[in-house]
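Summary of structural features
The primary structure of each chain is shown beneath.
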Amino acid sequence: MSAQGNTSQLTAERRTDFKRSSNRSLRQGGRIPAVVYGPSMEGIPIHLDAKEVYKFARTSRSELFHLKVEGKTIPAVIKAVQERWGNWIHLDIQEVSENKPLRVKIALDYQGVAAGTKVGGVLQTQEVELEVEGLPSALPTSIPVDISHLKVGDKLTASELKLPAGIQLTGTGTELLASIILPRGAGAAETEEDSVEGAAK
């Protein structure tokens, strides 16, 4: 893997053998089979170095990179990943236009300690990714989600997020991201304590 400016570059080789055993051999040799498609190269079977792919994708697989294949370099993103036992076994790579908005899922980075967890509440996160749209160069590696203000009973929806400039939600904004709830039995225990205190009075 190399870098051009602030954009990473991955080099791929074309696949010519499509037997299942050939893909298995590629994976055993540290390669990941893939397909790249787009306006200038539709459905080209390729394979990439697994270590380089993992190194690049450590931040976010939605990040724009330059893919070099058969002497041609194109802007691209990893569109879909097939996994098995925690390993990536196949990639769908999409060629993109740097001047056209792209719709992708971005990882959510939950930050802070929710106020409600300090008084016995439990944080529940419903989503780990959020679909957004923006120019490839504007897509962040992750979206920060501040949960420090959440109290017991509070809910956080997608519309409440502060998105980076140039990025928009593709959904309705009503998607539930996180909430603070009381543990099971906590409400009943509090009710019993209140009853005992009331009787004592």
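Read on for an overview of the structure. As the structure is a prediction and not an experimental result, all values here were calculated from the model.

Turning next to the overall build of the protein. Scanning the protein from terminus to terminus reveals three helices and 14 strands. In the protein, which comprises 201 residues, the proportion classed as buried is 36%. Taking all contacts inside the protein whose residues are at least 6 apart in sequence as the whole, residues at least 24 apart take part in 61%.

Inspection of the secondary structure puts L26 in helix α1 (residues 20-28). Between the C-alpha atom of L26 and that of A50, which follows or precedes it by 24 residues, the distance is 9.8 Å. Leaving out residues up to four positions away in the same chain, L26 has contacts with R15, R31, P33 and H47.

What follows deals with the pairing of strand β7 (residues 87-95). Burial of β7 is extensive: seven of the nine residues sit out of reach of the surface. Inspection of the sheet shows strand β3 (residues 31-37) paired to β7 by four bridges, in the parallel sense. Following the sheet pairing, V36 is matched in β7 by I93. Bridge analysis of strand β6 (residues 72-84) against β7 gives eight bridges, and the strand direction is antiparallel. From the neighbouring strand, I78 faces β7, where its bridge partner is I93.

For the rest of this paragraph, the subject is unusual backbone geometry. Of note, E70 is a non-glycine position whose phi angle comes to about 50°, a positive value. A residue is classified by how much of its surface remains accessible, and E70, at 55% relative accessible area, is exposed.

About the thresholds
Residues numbered from 1 in each chain as written. Predicted model: local features only at pLDDT ≥ 70, side-chain atom pairs only at ≥ 80, totals over all residues. Heavy atoms only, no water. Helix = DSSP H or I, 4+ residues; strand = E, 2+ residues; numbered from the N terminus. Buried < 20%, exposed > 50% of the residue type's maximum accessible area, 1.4 Å probe, protein only. Contact = heavy atoms within 4.5 Å. Pairing = 2+ DSSP bridges.

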